[in-house]
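Fold and contact review
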Amino acid sequence: MLNVAIKAARRAGNIINRASLNSERIQVTRKQHNDFVTEIDQAAEAAIIDTLKEAFPDHSFLGEETGETPSSTTNQTSNHVWIIDPLDGTTNFIHGFPQYAVSIALAVDGVLQQAVVYDPNRDELFTATRGAG
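Throughout what follows, the structure given in this document is the object of discussion. (Residues numbered from 1 in each chain as written. Predicted model: local features only at pLDDT ≥ 70, side-chain atom pairs only at ≥ 80, totals over all residues. Heavy atoms only, no water.)

1. Looking at the sheet that holds strand β6 (residues 101-108)
Taking strand neighbours across the sheet as the criterion, the 6 strands line up as β4-β3-β5-β6-β7-β8 in an open arrangement whose pairing is mixed. In the strand order of this sheet, the two ends are held by β4 (67-69) and β8 (124-129), each with one partner. Neighbour-to-neighbour, the strand axes of the sheet open up by a mean angle of 15°, direction not taken into account. Pairing analysis gives 6 bridges linking strand β7 (residues 111-119) to β8, with the strands arranged antiparallel. Bridge assignment links V116 to a residue of β8, and that residue is T127. In this fold helix α1 (residues 2-20) packs onto β5 (80-88), β6, β7 and β8, with an angle of close to 35° to the strand it touches most, β7. (Pairing = 2+ DSSP bridges. Helix = DSSP H or I, 4+ residues; strand = E, 2+ residues; numbered from the N terminus. Axes fitted to C-alpha atoms, helices over the stretch in contact; angles between N-to-C directions. Contact = heavy atoms within 4.5 Å.)

What follows is the structure, given as structure tokens:
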């Protein structure tokens, strides 16, 4: 599962890196005061969910931009839920500050089991697996 999460994070990172080359063209929407969303957040989240859903169609998703998405096989919330922040640090990204990351975690029965944080700007990847660091 961790390898698929890494693949999803890198896929989202590619979208973010391409967008950072044309940051002045990015459309920004305000969700709340000091809480922004861009088309890049949405595209990166869709890429992550597509990648994970292809490998785990019976899992559910909780995305910062899309909210809760049930399992595509049962149309119900699964005991395996992927928690996704596709562009953690959107405000930094909007302002051209290179401190942002892709964050993905897997909870099974409400307990976090896997986590991936990927900094596409520096190509740094951090992972954790419950019981293995």
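There is more to say after this.
2. As for the packing of aromatic side chains
For the structure shown, the criterion picks out 2 aromatic pairs. Arranged with centres 5.9 Å apart and planes meeting at 25°, the rings of F56 and W82 form a pair that is stacked. On the criterion of sequence distance, the pair formed by F56 in the loop between α2 (39-55) and β3 (60-63) and W82 in strand β5 is long-range, its members being 26 residues apart. Summarising the aromatic geometry, the rings of F93 and Y100 are spaced 5.2 Å apart at their centres and angled 90° between planes, so their arrangement reads as edge-to-face. Overall, Y100 belongs to the buried group, its relative accessible area being 7%. (Phe/Tyr/Trp six-rings, centres within 6.5 Å; stacked < 30°, edge-to-face > 60°. Buried < 20%, exposed > 50% of the residue type's maximum accessible area, 1.4 Å probe, protein only.)

Interpretation note: all reported values are geometric properties and have no functional meaning in isolation.
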